[in-house]
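# Structure assessment
Below, each chain spelled out in residue letters.
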Amino acid sequence: MRPFFIYNTLSRKVEEFIPLKPGVVTYYSCGPTVYLPQHLGNMRSYLFTDTLKRTLRLNGYEVRHVMNITDVGHMTSDQDGGEDKIEKTARAEGRSPKEVADYYTGLFIRNIELLRIEKPTVPPGQFCRATEHVPDMIALIGRILDRGYAYVAPSGVYFDVEKWRGANRMGRLSRQSLEEQFSEQRLEHASDKRSKHDFALWVLNQPHHLMQWDSPWGRGYPGWHIECSAMSMKYLGETLDIHSGGLDHVPIHHENEIAQSESATGKPFVRYFVHNAFLVGMEGVKISKSAGRFPVLADLAAAGIDPMAFRLFCFGAKYRSELAFSLDAVRAAQTNLDYIREFARGVPESIAHSPDSDWVESWFDRFHEAVNNDLNTPQALAVVLDLIGEAYRRGDKRIWNAMRRIDTVLGLDLESVRQQAASAILPPEIESLRAQRDEARKRKDFARSDALRSELQSRGYEVRDTPQGTLLHRRG
RNA sequence: GGCGGCGUACCCAAGUGGCCAAGGGAGAGGUCUGCAAAACCUCCAUUCAGCGGUUCGAAUCCGCUCGCCGCCUCCA
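Quantities reported herein were computed from a predicted structural model and do not represent experimental measurements. All residue numbers here refer to positions counted from 1 along the written sequence of the relevant chain. Here the convention is simple: chains get letters from A, ligands get numbers from 1, in the order in which they are written. Reporting in this predicted model follows two pLDDT cut-offs: at least 70 for local features of residues, and 80 or more for side-chain atom pairs to be given and counted; totals over whole chains, interfaces and linings ignore these cut-offs and use all residues. As a convention, hydrogens and water are excluded, and side-chain values are obtained from all of the structure's heavy atoms.

Below, the discussion takes up unusual backbone geometry. It is generally the case that most residues other than glycine have a negative phi and that most peptide bonds are trans. Cis geometry marks the peptide bond from valine 122 to proline 123, where omega comes out at -15 degrees. Only DSSP runs of H or I reaching four residues or more are called helices, and only runs of E reaching two or more are called strands; each is numbered from the N terminus. Here proline 123 is to be found in the loop between helix 3 (97-114) and strand 5 (128-129). Notably, aspartate 413 is not glycine yet its phi reads approximately 60 degrees, a positive angle. Along the chain, aspartate 413 falls in the loop between helix 15 (400-410) and helix 16 (414-422). Accessibility expressed as a relative area gives 27% for aspartate 413, which makes it partly exposed. Under the scheme applied here, a residue whose accessible area is under 20% of the maximum for its type counts as buried, over 50% as exposed, and between as partly exposed, the area being computed with a 1.4 Å probe on protein chains only.

Time to look at the sheet that holds strand 6 (residues 150-153). In spatial order, the strands read 6-7-8-9; together these 4 strands make up an open sheet with antiparallel pairing. Two strands lie at the open edges of the sheet, namely strand 6 and strand 9 (220-222), each paired on one side alone. Taking each pair of neighbouring strands and ignoring which way they run, the sheet shows an average axis angle of 20 degrees. Strands were regarded as paired on the criterion that DSSP finds at least two bridges between them. The axes are straight lines fitted to the C-alpha atoms, using for helices just the contacting stretch, and the angles between their N-to-C directions are given from 0 to 180°.

Looking now at the confidence of the model for chain A. Known as pLDDT, the predictor's per-residue confidence is scaled from 0 to 100. Summing up the model confidence of chain A, the mean pLDDT is 86 and the portion of residues at 70 or higher is 89%. The least confident element of chain A is helix 6 (residues 178-181), whose mean pLDDT is 55; the most confident is helix 15, at 97. Note that residues 76-81 has pLDDT below 50 and, in this model, 20 contacts with residues that lie over four places away or in other chains. The contact criterion used is simple: two residues touch if any of their non-hydrogen atoms lie within 4.5 Å. Below pLDDT 50 for its whole length, residues 183-190 participates in 7 contacts with residues either more than four positions away or in separate chains.

Pairing of strand 6 with strand 7 (residues 156-159), which is carried by 4 bridges, proceeds in the antiparallel orientation. Note that in strand 7 the partner of valine 152 across the bridge is valine 157. The antiparallel hairpin formed by strand 6 and strand 7 contains 2 residues in its connecting segment.

Our next topic: the packing of helix 14 (residues 377-394) against helix 15. Contact geometry of helix 14 with helix 15 gives a least axis separation of 12 Å together with a crossing angle of 155 degrees. In terms of axis orientation, helix 14 runs roughly antiparallel to helix 15. In the packing of helix 14 onto helix 15, the handedness of the crossing is left-handed. In this structure, helix 14 contributes Val384, Leu387 and Ile388 to the contact, and helix 15 contributes Met403, Ile406 and Leu410. To sort the angles, those under 35 degrees are grouped as roughly parallel, those over 145 as roughly antiparallel, those from 65 to 115 as roughly perpendicular, and the leftovers as oblique. Here a crossing is called left-handed whenever its near helix is offset anticlockwise from the far helix by less than a right angle, and right-handed whenever the offset is clockwise.

The next thing to look at is helix 4 (residues 134-146). Under the convention used throughout, the expected extent of a helix is 1.5 Å for every residue step, that is, one less than its residue count. Its 13 residues give helix 4 an end-to-end C-alpha distance of 18 Å, which sits within 8% of 18 Å, the value for a rise of 1.5 Å per residue. Within helix 4 the residues assigned to the buried category are Val134, Met137, Ile138, Leu140, Ile141, Gly142, Ile144 and Leu145. Buried positions along helix 4 lie against strand 6, strand 7, strand 8 (199-204), strand 9, helix 7 (226-236) and helix 8 (250-265). Glycine 148 sits one or two residues past helix 4 and shows a positive phi near 85 degrees.

Below, the discussion takes up the packing of aromatic side chains. Any two of the Phe, Tyr and Trp rings considered here, Trp counted by its six-membered ring, make a pair once their centres fall within 6.5 Å; the pair's planes then place it as stacked at under 30 degrees, edge-to-face at over 60, or tilted in between. Counting across every chain of the model gives 19 aromatic pairs. An angle of 55 degrees between the planes, with centres 4.9 Å apart, marks the rings of phenylalanine 17 and tyrosine 272 as tilted. Of this pair, phenylalanine 17 sits in the loop between strand 2 (13-16) and strand 3 (24-29) while tyrosine 272 is found in strand 11 (residues 270-276), placing the two residues 255 residues apart along the sequence. The same class applies to phenylalanine 17 as to tyrosine 272, namely buried. Ring centres of tyrosine 151 and tyrosine 158 lie 6.1 Å apart, and the angle between their planes is 35 degrees; this geometry places the pair in the tilted category. A single burial state applies to tyrosine 151 and to tyrosine 158, both of which are buried. Three or more aromatic residues joined by ring pairs form one cluster here, namely Phe4, Phe17, Tyr61 and Tyr272. Above the plane of the ring of tyrosine 103 lies arginine 95, whose end atom (NZ or CZ) is 4.9 Å from the centre. Over the ring of tyrosine 151 we find arginine 194; its NZ or CZ atom is 4.0 Å from the centre of that ring. We count a charge as sitting over a ring when the NZ of a lysine or the CZ of an arginine lies within 6 Å of the ring centre and within 35 degrees of the ring normal.

See below:
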């Protein structure tokens, strides 16, 4: 078995990955808050999650993966004040919070499907909605209170950061002390918290908030961080193998998750924390929600770019590096996609189902090694393109078994592309034009054959002359 | 103010102490072709922001300078 290496934010090192339980990986990844469309930067993050899952599976692991959908708004500020983001959108759009959440959840899932990002496996094919796990959150808050790491104040139930810091290691993920984190002290809310560092587990006495639940401490709603702890531990156990999210989650969200979870269970919460870097815009500016306008998948479609091209585009950089977004860069990926698909279309049924040539195995090994090296997808992609080039050079397309295995990681659905080309039945009138063109070419009536080519192209077909006659591919 | 990251050819981007600095896109030339298309071949950074230093040897380690960015408030 080939070792799999991954960068662990906890140690700041690339480590060999070894799961707690042989053969099974428990994995929780942070999902979206559904109050705005998910932009391409978000999609890069979920694509990273998907690649990690697929690579683990390539290595023989069963991946138990949970992903949340935050459909109860937390505050626009992590502190006491601010407005609930979902409710803000709801008011602006004149809809209920549930309508807002449902709408953007649907949009999110459609984008996930377009990018062929696999859905969570626990529960099978389901995302965990925060609103459906409020009792689990309440139970977890109860455990934290029982162990003395939280207290009830009039405005809410708060996590006692000072006490936890005394007992443990707050800041071990971000490597920042609380003083460093809050050095500017911009957060000077007059509140009933014992310390300004304390964060809400449950919010009380916010009568204007639209979404409220009963709890042992009164009517209210959960704090931002608690859902991830509650849902991950409910489905995956109290110690997770892997937890991932965007780099921005390191200092606050994940730090607080660790504190909540470990104070409740007394066990390590996560063994490998993995964080992905951002997609940045043309000026090196983060494509963030607060920046206003940001590209979404539909913008790419409008530019004639396939969602699978965006997949390839993201493979072009390591997940831990910022990736500079531009339409030109994505178009380059589209060209690569066309190249790979073109090869797939040329692999006949007989070859696809017979063993690979001997020389192919070492290429697959190189791919596997690249991807196992902290998901070095740029290198892996280079191997794939080189493998296809080698197949052309040798005139030997017996590489399809390896390509199928490679595609379990790439997720481009190449086998379908191949099969569709192999079984393509042309409409009768198109077939007739094709036959006429072959006839014209035999007679060397090139004026006629060129006219027929234009005709076919205008009907959306790529026209290519081969020794076997005119070959047609539907574009797009 | 505190913490952290980045700067590799026209563009995207691997490589983090040692064969010639991956790969792709764009560009140039060529093979093939009736012409195309597809594919293949060749060319395309003596150089890794700049300046010093460590070393037998550095894009890779250290220092300084310049430039860019993220986090510290919700954010993938």
